[in-house]
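Examination of the molecular architecture
These are the residues of each chain, in order.
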Amino acid sequence: MPSLYELSKDYKELQAMLEVAETDEDMEAIQNTLDMLDCSIDEKIENTAMFIRNIKGDIQAFKDEAKRMQAKAKTLENMTERLKNNIDHVMKENQLTEKKVGQFKCYYKESETVEIDDLYALPEEFRKLTIAADKVAIKKAIKAEQEVSGARIEKHLNLQIG
């Protein structure tokens, strides 16, 4: 009968086999190895239960790490937005529309959005079935100098970092 250290080593080898197992044959080989371990039924059950507990711990650790990484990514996204806002504030404070620094060029690129003041005042042709404004059609109509009740185009300056 193997010692506890050898048995532990056998189960570590089984875990290594399990980590790379991809096919039914691989899983059958692991089961055969488990069946061939020379120990009492109590030892097999206890060690298999410990093996399962370790695997479940790994599963939970992977899930926790995925959550941690998602939270970290969100934190970095927020930080990026705050840093961009800092540049925006400094440029506006210094009345700069463009600034080249080192390998970066910060500038404002004009964009337009259609703002809907009164969705129900829009002519039917500018509404979608979901009672949402068709901003693309409204923008096109306003650009073509057509009057569209309940909507207007607003111009914005968006900071670009290239």
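Look a little higher up for the structure.
Each residue is numbered by its place in its chain's sequence as written, counting from 1. With pLDDT at 70 or above as the cut-off, local features in this predicted model cover only qualifying residues; side-chain atom pairs require 80 or more to be listed or tallied, and sums for whole chains, interfaces and linings still use all residues. Side-chain numbers here rest on the full set of heavy atoms in the structure, without hydrogens or water.

1. What about the overall build of the protein?
- Working definition: helices are DSSP H or I runs of at least four residues, strands are E runs of at least two. Numbering for both runs from the N terminus. Summing up its helical and strand segments, the protein has four helices and three strands in all.
- Each helix and strand of the protein, placed in order from N terminus to C terminus, yields the pattern α-α-α-β-β-α-β.
- Expected size for 162 residues packed as a compact globule is a radius of gyration near 15 Å; at 32 Å, the protein overshoots this value by more than 25%.
- By its C-alpha atoms, the protein is 90 × 50 × 25 Å across when sized along the principal axes. The quantity called the radius of gyration is restricted to C-alpha atoms. Its globule counterpart is 2.2 Å times the number of residues to the power 0.38.

2. A closer look at the side chain of Asp88
- Looking at the element boundaries, Asp88 is found in helix α3 (residues 41–93).
- Accessible area is worked out with a 1.4 Å probe on protein chains only. A residue is then buried under 20% of its type maximum, exposed over 50%, and partly exposed in between. Overall, the relative accessible area of 17% leaves Asp88 in the buried class.
- In what follows, residue pairs with any heavy atoms lying within 4.5 Å of each other are defined as contacts. The contacts of Asp88, once residues within four sequence positions are left out, are Tyr108 and Leu159.

3. Re the nonpolar core
- Definition used in this section: a nonpolar core is a set of buried Ala, Val, Leu, Ile, Met, Phe, Trp, Tyr and Cys residues joined via side-chain atoms within 4.5 Å. Core analysis: the biggest nonpolar cluster contains eight residues, these being Val114, Leu122, Phe126, Ala133, Ile138, Ala141, Val148 and Ala151.
- Non-local contacts of Ile138, meaning those with residues more than four positions away in its chain, are made with Val114, Ile116, Leu122, Phe126, Ala133, Val148 and Ala151.
- Of all hydrophobic cores here, the second largest spans seven residues; its members include Leu14, Ile30, Leu37 and Phe51.

4. Looking at α3
- Helix span, expected: 1.5 Å multiplied by one less than the number of residues in the helix. End to end, α3 covers 77 Å across 53 residues, agreeing with the expected 78 Å (1.5 Å per residue, within 8%).
- Buried residues of α3: Asn47, Phe51, Asp88 and Met91, and no others.

5. What to know about a negative patch on the surface
- A surface patch of negative charge is lined by Glu22, Asp24, Glu25, Asp26 and Glu28.
- The exposed category is assigned to Glu22, whose relative accessible area is 73%. Patch definition: residues above 30% relative accessible area lacking any salt bridge, with like charges linked at up to 9 Å and the nonpolar side chains Val, Leu, Ile, Met, Phe, Trp and Tyr linked at up to 5 Å. Computed with the Shrake-Rupley method and a 1.4 Å probe, the accessible areas treat only the protein chains shown as cover for residues. Definition used for salt bridges: Asp or Glu carboxyl oxygen within 4 Å of a side-chain nitrogen of Lys or Arg. Counting rule applied: Lys, Arg positive; Asp, Glu negative; His and chain ends not counted. Where a charge sits is defined by one atom per residue type, namely NZ (Lys), CZ (Arg), CG (Asp) or CD (Glu).

6. Re the pattern of salt bridges
- In the structure shown here, the tally under the stated rule is 10 salt bridges.
- In this structure, Glu110 engages Lys155 in a salt bridge whose closest nitrogen and oxygen atoms are separated by 3.3 Å. Placement of the pair is Glu110 in strand β2 (residues 104–116) and Lys155 in strand β3 (residues 151–161), with a sequence separation of 45 residues.
- Using a relative accessible area of 49% as the deciding quantity, one classes Glu110 as partly exposed.
- We classify Lys155 as exposed; its relative accessible area is 56%.
- One network of salt bridges, in which partners are shared, links Glu110, Glu112, Lys139, Lys143 and Lys155.

7. Let's talk about the sheet that holds β3
- Should DSSP find at least two bridges between two strands, the strands are regarded as paired. Across the sheet, which stays open at both edges, the three strands sit in the order β1-β2-β3 with antiparallel pairing between neighbours. Only two strands of the sheet have a single neighbouring strand rather than two, namely β1 (98–101) and β3. Along the sheet, successive strands turn relative to each other by an average axial angle of 25°, direction set aside.
- Looking at chain direction, β1 and β2 are connected through four bridges and run antiparallel. An axis is simply a line fitted to the C-alpha atoms; with a helix, the fit covers only the stretch in contact. Between two such axes, the angle follows the N-to-C directions and lies from 0 to 180 degrees.

8. Focus: the environment of Gln146
- By secondary structure assignment, the location of Gln146 is in the loop between α4 (135–143) and β3.
- Considering only alpha carbons, one finds Gln146 and Glu115, 31 residues apart in sequence, at a separation of 16 Å.
- Ignoring anything within four residues of it in the chain, the contact list for Gln146 reads Glu125, Phe126 and Ala141.

9. So, the packing of aromatic side chains
- In summary, the pairing rule links any two rings of Phe, Tyr or Trp, Trp by its six-membered ring, whose centres are within 6.5 Å, and it sorts them by plane angle into stacked for under 30 degrees, edge-to-face for over 60 and tilted for everything else. In this structure the tally under the stated criterion is zero aromatic pairs.
- The ring of Tyr107 carries Lys105 above its face, with NZ or CZ at 5.3 Å from the centroid. For a lysine, the NZ atom is tested; for an arginine, the CZ atom; a charge sits over a ring if that atom is within 6 Å of the ring centre and within 35 degrees of the ring normal.

10. Digging into the pairing of β2
- Bridge count for β2 against β3 is 11 bridges, and the pairing is antiparallel. Among the inter-strand pairings, Tyr107 is bridged to a residue of β3, identified as Gln160.

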